Amino acid sequence: MEQNDATQTADVLIEALPYIQRFSGKTVVVKYGGNAMVDDRLKRSFARDIVLLKHVGINPVVVHGGGPQIGRLLERLGKESRFVQGMRVTDAETMDVVEMVLGGLVNKEIVNLINQQGGRAVGLTGKDGGLIRARKLLAATSDIEGDLVDLGQVGEVSAIDPAVVHMLDGGDFIPVIAPIGVGEDGAAYNINADLVAGKIAAILGADKLMLLTNTRGVLDGKGELLTAVSAREVAVLIADGTIHGGMLPKVECALDAVNSGVKTATIVDGRVEHALLMELFTDQGVGTQIRG
């Protein structure tokens, strides 16, 4: 290694030191999805980032999605995917596929990737250890004709029991959680992964929630990245329509987490290699940080 390269490496480590000290012993919840989940280079990068966090004394908790993977398997089975206002209509047959993909194929792939990089990951669904209690999503939801639609086994979080996560953290394991909850009647429910990540971050008293997305973060009216916004500023951006579409539920999830005690929530560009490390350990960061 050239001396200049070695000096640059040392500079990077020195810049990271105060952030490593700040987050050591703290919990960071990461919602994993988007391009970072399907691009092989980004998948390996994500796994290395998670392992590094654990090795420097941070407790990462991963919550993942898997919508595209569910859609592909349903297509192979000859079953059409139907969405209402962005939510997948989930009948009993579809729920079987959701459990197979989220709790099986996708979850175990992430666990394997982390373990290949030297971590000790353990896969969970909300059914394990009573982690995620759910109730049927009863919001009045209309299709394009305006008729009310029963979304089936689509749920929302009613309670989180973090005991199994605490046990894994204490044993130096990395929890990898699929967003499947269980109702009072024992039925499984498909829950939005952003929502689950936010609720888990709040109940764990996490220092940081990170939502990986396929965009740079929250943009202003001119399309420029906002690196940090307060709850009050977010309200203005929502009211004037600057924050809209798919970004709206992510911002609302981040706000809910911050209002529930999570110190900061960041919408991170998951298309950037090592985005987690850049956000946590550099002065500039990646994405948009949302504060209370």
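Refer to the preceding data block for the structure.
The following paragraphs examine the structure supplied in this document. Going along each chain's sequence as written, the residues are numbered from 1 onward. The model is predicted, so local features are restricted to residues of pLDDT at least 70 and side-chain atom pairs to those at 80 or more, both for listing and for counting; the totals for chains, interfaces and linings are taken over all residues. As a rule here, side-chain values cover all heavy atoms of the structure and leave hydrogens and water aside.

In this section: the nonpolar core. The biggest cluster of nonpolar side chains holds 43 residues, and the ones touching the most others in it are Tyr-32, Phe-46, Ile-50, Ile-114, Leu-212 and Phe-281. Numbering of helices and strands runs from the N terminus; a helix is a DSSP stretch of H or I covering at least four residues, while a strand is a stretch of E covering at least two. At the level of elements, α1 (3–23), β1 (27–32), α2 (40–55), α3 (67–76), α4 (92–116), β8 (174–178), β11 (208–213) and α9 (275–281) are the ones that each hand at least two residues to this core. Within the second largest apolar cluster, 40 residues are counted, among which are Val-29, Val-165, Leu-168 and Ile-177. Throughout this description, the term nonpolar core refers to a set of buried Ala, Val, Leu, Ile, Met, Phe, Trp, Tyr and Cys residues connected via side-chain atoms within 4.5 Å. Categorising residues by exposure relies on relative accessible area from a 1.4 Å probe, with only protein chains included: less than 20% of the type maximum marks a residue as buried, more than 50% marks it as exposed, and the intermediate range marks it as partly exposed.

The pairing criterion is simple: DSSP has to find at least two bridges between the two strands. With mixed pairing, eight strands are arranged side by side in an open sheet as β5-β8-β2-β1-β11-β13-β14-β12. Unpaired on one side and paired on the other, β5 (121–125) and β12 (228–230) mark the two borders of the sheet. Strand after strand, the sheet turns through a mean of 20 degrees between neighbouring axes, direction not considered. Pairing of strand β13 (residues 264–269) with strand β14 (residues 288–291) involves three bridges; the strand directions are antiparallel. Paired with Ala-265 across the strands is Ile-290, a residue of β14. Working rule for contacts: check all heavy atoms of both residues, and any pair within 4.5 Å makes them a contact. In this analysis, axes come from line fits to C-alpha atoms, helices being fitted only over the stretch in contact, and the angle between any two N-to-C directions falls in the range 0 to 180 degrees. The strands touched by helix α7 (residues 231–239) within the sheet are β12 and β14, with β12 carrying the most contacts at an inclination of about 90 degrees.

Buried and open spaces are told apart on a 1 Å grid over the protein atoms alone, a cavity being a set of points where a 1.4 Å probe fits but cannot get out and a pocket being an open set with protein on both sides within 12 Å along at least five of seven lines. Residues with an atom within 4 Å of a point are the lining residues. Grid points are joined across faces, edges and corners, and a volume is the space filled by probe spheres set on the points. Here the structure, examined in full by the defined rule, presents one cavity of 30 Å³ or more. The space that makes up the largest cavity amounts to roughly 70 Å³. Around the largest cavity sit Ala-36, Leu-42, Ser-45, Phe-46, Asp-49, Leu-212, Gly-270, Val-272, Glu-273, His-274, Ala-275 and Leu-276, which together line it. Put simply, the parts of the chain that give the lining of the largest cavity at least two residues each are α2 and α9. Looking at the lining of the largest cavity, the element that brings in the most residues is α2, giving four residues. Only Asp, Glu, Lys and Arg are considered charged, only Ala, Val, Leu, Ile, Met, Phe, Trp, Tyr, Cys and Pro nonpolar, and every remaining residue, Gly among them, polar. Each residue belonging to the lining of the largest cavity can be placed in one class, and the counts come to seven nonpolar, three polar and two charged.

When two helices pack together, you describe them by how their axes are tilted relative to each other and by the distance separating the axes. Running from N to C, α2 and α4 point in directions that differ by 65 degrees, and their axes come no closer than 8 Å. Crossing of α2 against α4: the hand is right-handed. When α2 is examined against α4, the residues Lys-43, Ala-47, Ile-50 and Val-51 are found in contact with a partner set consisting of Glu-109, Leu-113 and Ile-114. Handedness of each helix crossing follows the sense of rotation of the near helix against the far helix: counterclockwise by less than a right angle gives left-handed, clockwise gives right-handed.

On to the environment of Phe-281, then. Note that Phe-281 resides in helix α9. Residues Phe-281 and Phe-23, 258 residues apart in the sequence, show an inter-C-alpha distance of 9.5 Å. Phe-281 has contacts with Glu-15, Ala-16, Tyr-19, Ile-20, Leu-52, Leu-53, Val-56 and Ile-58, leaving out every residue within four places of it along the chain.

Attention now goes to unusual backbone geometry. Phi is positive for Asp-172, close to 70 degrees, though the residue is something other than glycine. For Asp-172, the location among the structural elements is in the loop between α5 (163–170) and β8. Even without being glycine, His-274 reaches a positive phi, approximately 60 degrees. The topology assignment puts His-274 in the loop between β13 and α9.

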